[in-house]
Amino acid sequence: MLICAFLEDIEIEISKRLIALENPESEKFSESLWELGMNEISIDDQEQLRKVFSFAASIEYHHVGLSPKAYLAHPTRVAGMTLFLSPNSEKKLLGAISLLHNVLEVSSVSSKKLIEETGHEVADSIQILTVNRDLQENIDYLNNYYSSIKSTPHSLSVVKIIDKLDNLFMLGLNPDEAARQRYLNEISQYVLPLVNQFLPQLANYFENLVLFNQANGMIDKKKYL
């Protein structure tokens with residue numbers, strides 16, 4: 001069953017992402033989500049966003065256990081879903097931010113380079129989204145972090161919501177039970193209120209995805225591949 005035109009049942013979504021992870025060179029799922037989102041914007045905006053995508057695809061990502069190609073699938077999916085769900089007036093901006101939302105954390109791209117390629121508004125937003133991993137378990141830091149996202153003049157919260165949504169499907173790959181629970185606690189405390197405010201049409205699905213992770217723990221890949 002399709003939800004919001006692109007989300008199916010949770011286990012189907014997990015399977016699609018696992019297949020993409022196992023076959024990054026040939027997977028089409030992430031690209032199809034991207035193109036679905038691109039259909040929501042004008043031809044001129046598509047042309048500009050494809051330039052941002054080319055920049056994103058040229059980056060040498062450094063993520064443990066993932067090739068650059070495999071990692072790129074995640075921001076590609078986030079961008080596609082964000083384009084579909086974000087306000088019409090902000091689709092191009094939020095699409096660009098989505099494509100590059102983790103670039104300062106998982107690559108050697110500098111803030112200066114990011115400004116040169118995308119402009120200050122996109123670069124500043126990515127700075128806001130970039131988590132200080134040394135402080136990620138500090139309550140005061142998290143309060144300020146999510147407050148900064150929520151208070152931007154554009155709907156940066158939509159990008160954060162979709163980023164967390166895509167990550168939740170793969171949370172069960174993390175063998176650290178304590179880390180998984182911390183992640184779910186953060187979702188419940190900070191992200192679900194954003195969902196209710198900015199993307200209420202996803203609220204039930206998002207809540208069920210959290211419950212699914214709480215109930216099932218680690219993913220048995222054999223079940224989904």
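Scroll up to find the structure this text is about.
What you see as residue numbers is a count from 1 along each chain, following the sequence as written. Predicted model: local features are reported for residues with pLDDT of at least 70 only, side-chain atom pairs are reported and counted for 80 or more only, and whole-chain, interface and lining totals are derived from all residues. The side-chain values count all of the structure's non-hydrogen atoms but skip hydrogen atoms and water molecules.

Undergrad: It is not clear to me how the environment of Phe29 should be interpreted in this structure. Could you clarify?
TA: Each helix corresponds to a stretch of at least 4 residues labelled H or I by DSSP, and each strand to a stretch of at least 2 residues labelled E; elements are numbered beginning at the N terminus. When you line up the elements, Phe29 lands in helix α2 (residues 29–38). A C-alpha to C-alpha distance of 8.9 Å links Phe29 and Ile19, two positions 10 residues apart in sequence. Should any heavy atoms of two residues lie within 4.5 Å, those residues are counted as being in contact. In contact with Phe29, not counting residues within four places along its chain, are Glu13, Lys16, Arg17 and Arg77.

Undergrad: Please explain the nonpolar core as it appears in this structure.
TA: Where a protein is soluble and globular, its nonpolar side chains tend to be buried together. Judged by nonpolar contacts, the single largest core of 71 residues is most densely connected at Leu100, Ile162, Leu165 and Phe206. If we skip the residues at most four places from it in the chain, Leu165 touches Leu7, Met81, Leu202, Tyr205, Phe206 and Leu209. Definition of nonpolar core: a set of buried residues of the types Ala, Val, Leu, Ile, Met, Phe, Trp, Tyr and Cys, connected through side-chain atoms within 4.5 Å. Summary of the burial criterion: residues with accessible area below 20% of their type's maximum are buried, those above 50% are exposed, and those between are partly exposed, where the area comes from a 1.4 Å probe applied to protein chains only.

Undergrad: Explain helix α11 (residues 177–198) to me, please; I cannot follow it from the model alone.
TA: To estimate the expected span of a helix, subtract one from its residue number and multiply by 1.5 Å. If you check α11, its first and last C-alpha atoms are 30 Å apart, about what 22 residues at 1.5 Å a residue would give, namely 32 Å. Among the residues making up α11, those that are buried are Ala179, Arg180, Tyr183, Leu184, Glu186, Ile187, Tyr190, Val191, Leu192, Leu194 and Val195. Looking at the buried residues of α11, the elements they touch are α9 (139–150), α10 (156–169) and α12 (203–216). Between N or O atoms, a polar contact is any pair within 3.5 Å; within protein, one atom must be a potential hydrogen donor and the other a potential acceptor, and residues adjacent in sequence are included only when both atoms are from side chains. Of the residues flanking the start of α11, the one acting as N-cap is Asp176, its side-chain oxygen 3.0 Å from the backbone nitrogen of Ala178.

Undergrad: How should I be thinking about helix α4 (residues 68–85) in this particular structure?
TA: The α-helix winds at 3.6 residues per turn, so residues separated by three or four positions along the chain end up facing the same way. Taking 1.5 Å of rise per residue, 18 residues should cover 26 Å, and α4 covers 26 Å from first to last C-alpha, within 8% of that figure. Summarising burial for α4: 15 of the 18 residues are buried, a large majority.

Undergrad: What is the right way to look at the packing of helix α1 (residues 10–22) against α12 in this model?
TA: Helix-helix packing is characterised by the crossing angle of the two axes and by the distance between the axes. To obtain an axis, a line is fitted to C-alpha atoms, over the contacting stretch when the element is a helix, and the angle between two such axes runs from 0 to 180 degrees between their N-to-C directions. Look at α1 against α12: their axes get within 11 Å of each other, and the N-to-C directions meet at 75°. Relative to α12, α1 is oriented roughly perpendicular. Contacts between α1 and α12 involve Ile10, Glu11, Glu13 and Ile14 from the former and Tyr205, Asn208, Leu209 and Phe212 from the latter. Three residue categories are used. Nonpolar comprises Ala, Val, Leu, Ile, Met, Phe, Trp, Tyr, Cys and Pro, charged comprises Asp, Glu, Lys and Arg, and polar comprises the others, including Gly. Of the residues belonging to the contact of α1 with α12, the class tally is five nonpolar, one polar and two charged. Reported orientations rely on four angle classes, namely roughly parallel under 35 degrees, roughly antiparallel over 145, roughly perpendicular from 65 to 115, and oblique for the rest.

Undergrad: Explain the packing of aromatic side chains here, please?
TA: Any two aromatic rings considered together are summarised by their centre-to-centre distance and by the angle between their planes. Ring geometry is summarised as follows: Phe, Tyr and Trp rings, the Trp one being its six-membered ring, pair when their centres sit within 6.5 Å, and such pairs are stacked at plane angles under 30 degrees, edge-to-face over 60 and tilted between the two. Evaluation of the coordinates by the stated rule reveals seven aromatic pairs. With a centroid separation of 5.0 Å and 85° between ring planes, the pair formed by Tyr145 and Tyr146 is classed as edge-to-face. Neither Tyr145 nor Tyr146 differs from the other in exposure class; each is buried. Every member of this aromatic cluster is reached through a ring pair, and the members are Tyr141, Tyr145, Tyr146 and Tyr190.

Undergrad: I would appreciate a short explanation of the side chain of Asp166 in the present structure.
TA: In this fold, Asp166 is placed in helix α10. Filtering out sequence-adjacent residues up to four positions away, Asp166 remains in contact with Arg17, His74, Arg77, Val78 and Met81.

Undergrad: Would you take a moment to explain the environment of His154 for this structure?
TA: Note that His154 resides in the loop between α9 and α10. Residue classification places His154 among the buried residues on the basis of a relative accessible area of 10%. Discounting chain neighbours no more than four positions away, the residues touching His154 are Glu90, Leu93, Leu94, Ile97, Glu121 and Ser125. Of note is the side chain of His154, whose polar atom sits 2.9 Å from the side chain of Ser125.

Undergrad: Looking at this structure, how should I read the pattern of salt bridges?
TA: A side chain with one charge may pair with a side chain of the opposite charge, provided their charged atoms come close. Between Lys or Arg on one side and Asp or Glu on the other, a salt bridge is scored when a side-chain nitrogen of the former is within 4 Å of a carboxyl oxygen of the latter. This structure, assessed with the given rule, holds 13 salt bridges. With a closest N to O distance of 2.6 Å, Arg133 and Glu105 form a salt bridge. Placement of the pair is Arg133 in the loop between α8 (120–129) and α9 and Glu105 in helix α6 (residues 103–106), with a sequence separation of 28 residues. The exposure class assigned to Arg133 is partly exposed, which follows from its relative accessible area of 43%.

Undergrad: When you look at the packing of α8 against α10 in this model, what are you seeing that I'm missing?
TA: In contact at an axis separation of 11 Å, α8 and α10 are set at 50° when each is read in the N-to-C sense. Here α8 lies oblique to α10, going by the angle between them. You can see that α8 and α10 cross each other, and the crossing is right-handed. Counted together, Ser125, Ile128 and Leu129 of α8 and Leu156, Val159 and Lys160 of α10 form the full contact between these two elements. Of the residues contributing to the contact of α8 with α10, the split by class is four nonpolar, one polar and one charged. Each crossing gets its handedness from the near helix: less than a right angle anticlockwise from the far helix is left-handed, clockwise is right-handed.

Shape descriptors only; they carry no functional weight alone.
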